[in-house]
Amino acid sequence: MVNNIEMDVESNMEQQVSGAAPEPAQQPQEAAVIRARSRGSSGAEGGGDGGVGGNGSGPEQNGQPPTARPPHVVETDEDEDEELTLKYGAKHVIMLFVPVTLCMVVVVATIKSVSFYTQNDGQRLIYTPFPEDTDTVGQRALNSILNATIMITVIIVMTLVLVLLYKYRCYRVIQGWLFLSSLLLLFFFSYIYLKEVFKTYNVAIDYFTLAIMIWNFGVVGMMCIHWKGPLRLQQAYLIMISALMALVFIKYLPEWTAWLILAVISVYDLLAVLCPKGPLRILVETAQERNEPIFPALIYSSTMVWLVNMADTDRPKRNSTEVPQQEPQEAVASPAPSGMLQDDGGFTPSWVNQQEHQLGTLQTTEDTRREIQQLPSDRPPVDDDDDEERGVKLGLGDFIFYSMLVGKASAAASGDWNTTLACFVAILIGLCLTLLLLAIFKKALPALPISIFFGLVFYFATDNLVRPFMDKLALHQFYI
Amino acid sequence: MNLERLPNEEKLCLCRKYYLAGFALLPFLWLVNVVWFFREAFVKPAYTEQSQIKTYVKRSGMGLLFWVAVLTTWITIFQHFRAEWGAMGDYLSFTIPLGIP
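Residues numbered from 1 in each chain as written. Chains lettered and ligands numbered in written order. Predicted model: local features only at pLDDT ≥ 70, side-chain atom pairs only at ≥ 80, totals over all residues. Heavy atoms only, no water.

1. Re the overall build of chain B
Summing up its helical and strand segments, chain B has four helices and one strand in all. The linear arrangement of helices and strands in chain B, starting from the amino end, is α-α-α-α-β. A globule of 101 residues ought to have a C-alpha radius of gyration of about 13 Å, yet chain B, at 19 Å, is considerably larger. In terms of principal-axis extent, the alpha carbons of chain B reach across some 60 × 20 × 20 Å. (Helix = DSSP H or I, 4+ residues; strand = E, 2+ residues; numbered from the N terminus. Rg over C-alpha atoms; globule rule 2.2 N^0.38 Å.)

2. What to know about the overall build of chain A
If you tally the helices and strands in chain A, you get 17 helices and four strands. Within chain A, the fraction of its 480 residues that count as buried is 57%. Per element, the accessible surface of chain A, about 19,300 Å² overall, is 64% carbon and sulfur. (Buried < 20%, exposed > 50% of the residue type's maximum accessible area, 1.4 Å probe, protein only. Areas by Shrake-Rupley, 256 points an atom, 1.4 Å probe, with all protein chains shown as cover.)

3. A word on a nonpolar patch on the surface
All names here are of chain A. A cluster of nonpolar side chains, contributed by Val425, Ile429, Leu433, Leu436, Leu437, Ile440 and Phe441, occupies part of the molecular surface with about 600 Å² of accessible area. Take Leu436: it is sitting in helix 16 (residues 417–441). For Leu436, a relative accessible area of 49% puts it in the partly exposed group. (Patch = residues over 30% accessible without salt bridge, like charges linked within 9 Å, V, L, I, M, F, W, Y side chains within 5 Å. Salt bridge = Lys/Arg side-chain N within 4 Å of Asp/Glu carboxyl O.)

4. Brief notes about the UniProt feature "transmembrane region" (unreviewed entry) in chain A
Residue and element names in this part refer to chain A. The sites that carry the UniProt feature "transmembrane region" (unreviewed entry) are, in the present numbering, residues 93–111, 145–166, 173–193, 205–224, 236–253, 259–275, 421–441 and 447–466. As a span, residues 93–111 carries 100% helix and 0% strand, and end to end its C-alpha atoms are 27 Å apart. A distance of 30 Å separates the end C-alpha atoms of residues 421–441, which is 100% helix and 0% strand. (UniProt positions renumbered as here; feature names shortened; annotations may be inferred.)

5. With respect to the pattern of salt bridges
Using the criterion set out here, one finds nine salt bridges over all chains in the structure. Between Glu132 of chain A and Arg140 of chain A there is a salt bridge; the shortest N-O distance is 3.2 Å. For Glu132 of chain A, a relative accessible area of 9% gives the class buried. Classification of Arg140 of chain A as partly exposed rests on a relative accessible area of 24%. One network of salt bridges, in which partners are shared, links Glu4, Lys11, Arg39, Glu40 and Lys44 of chain B.

6. A few points about the nonpolar core
Residues and elements named next belong to chain A. Counting residues in hydrophobic clusters, the biggest one holds 102 residues, and the most contacted among them are Tyr402 and Met404. The dominant element in this core, judged by the number of residues it contributes, is helix 10 (residues 231–252), at 14 residues. Grouped together as the second largest cluster of nonpolar side chains are twelve residues, Met158, Val163, Trp177 and Leu178 included. (Core = buried A, V, L, I, M, F, W, Y, C linked by side-chain atoms within 4.5 Å.)

7. A few points about the interface of chain A and chain B
Reports often express the size of an interface as the amount of accessible area lost when the parts come together. With 38 residues of chain A in contact, the opposing surface of chain B contributes 31 residues. Counting the surface chain A buries against chain B, the share from its top three residues, Asn202, Ala204 and Tyr207 of chain A, is 17%. Seen at the junction of chain A and chain B, the total is zero salt bridges. Seen at the junction of chain A and chain B, the total is six residue pairs in polar contact (both at pLDDT 80 or more). Counting only elements with at least two residues in the side of chain A that touches chain B, the list comes to helix 8 (171–200), strand 1 (205–206), helix 9 (207–226), helix 10, helix 13 (322–330) and helix 14 (335–341) of chain A. Examining the composition of the side of chain A that touches chain B, we find that ten residues originate from one element, helix 9 of chain A, more than from any other. (Contact = heavy atoms within 4.5 Å. Buried area = accessible area lost by both parts, 1.4 Å probe. Polar contact = N/O pair within 3.5 Å; in protein donor to acceptor, adjacent residues only side chain to side chain.)

Spelled out as structure tokens, the structure:
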């Protein structure tokens, strides 16, 4: 688990006086258990220290009380972590199901009702220049492969740029970029969305009312996401902007390109997160070294966790008054994850992957696609926050691609609801499995590969096998 | 953002900022202010800053009601008289419904 790694970092670097405070009561009981246990990488060092501290308790502990204690703390926390992780597992899954489902529902509902998003206007993103309405199948395949390649290259380049910017501490640039992209999403795309919805329902709206609506929606959204706002509202806004982005993708990516991109993105996600040289992994490790939160504005967090900062033992237990003041310093965007991320020696690392599109016929509008790893934010309850719920975080990019898959399935498939539902179930199953792996491996994992793989398999299988079968059955009134 | 964890001065500050920002033609912000701070202002046992938070919530509520009234009136007028206004109506319209005179 990420926090285990951080615990090691902290116990190496600093002394967790405050962290040790809640543990003393449990230490006597756990001490025997701790000595007997041996755990993985994080446990090895703690186990060694704990073992030595336990057996030769005299010299080791007397000599260096602070350093001997953290391993115990680490181990007890790990104990609690292991148990509590498993205990909270199902709850976390449900906490993520709801927003993912909501996002998909919004996208599918829009696709079904507003025809704008399924019309082929001939517009394309400049990153997918090859048309798909070609004469031969071979040509179409080739074009879609080329499109996907270009797109992936752009994504890789943007990720590398981001990692470089982060490495060289150009935080202002990154924040400005994030700010502009959320501005674009909240104002411009919602304007288009509203326009199309009103057109579909044949409602007359005047400029004044429209202006008021867009202005309110946008400003409150910016405040909730980048500053302080109620958690539920922030979650709702994140869901809405993910849905908007997914709709843009569904509209502007041609068929085969879209499926190919989904597949390739999953593979890339897997590689970028898990390979030692992957850009996202480098990003995380850099952030870990610096003990900083990463781009909290682009993560969906299911609960607000507000823990005490354990990294800095010079000052005493930090109460929550300091957190808001920290925010301007770090220029951290959103409060919910930043409250989380600033604690415990910094952070739960998260990834951001960004991309800019230029919409073909429109001027200088920019999209950003973000992709963040899903990570555990489970932390041992500390100090006076024992009643704090742990939240799980999922990146907005994951929302976007899940919704894009389901939306494309509902838009394109001839089987309509069968296929859509099958893809929906597949993605949720993939999410469950990913969370299960998260509980087992306890480190940040890519959330895309499993779900997208299942989703794609289910889509093509349902569309080509199940649907004709069900149609035949219905035709012959044969019930099974 | 969990209000529970904030100290009272911070809550007051936040409420005040939301209230003031709502004057920039943002009734939605006032709505958020009212809903979010309602429990703080009226349900929680009294604390020093609560009376001020109460005033802000009340004023946000009044501002919200004012806006709701204005918008409802305007929208009703517009929807009712749009066809009769002819050219002016079209000029004001963002989307024009099809098939209805």
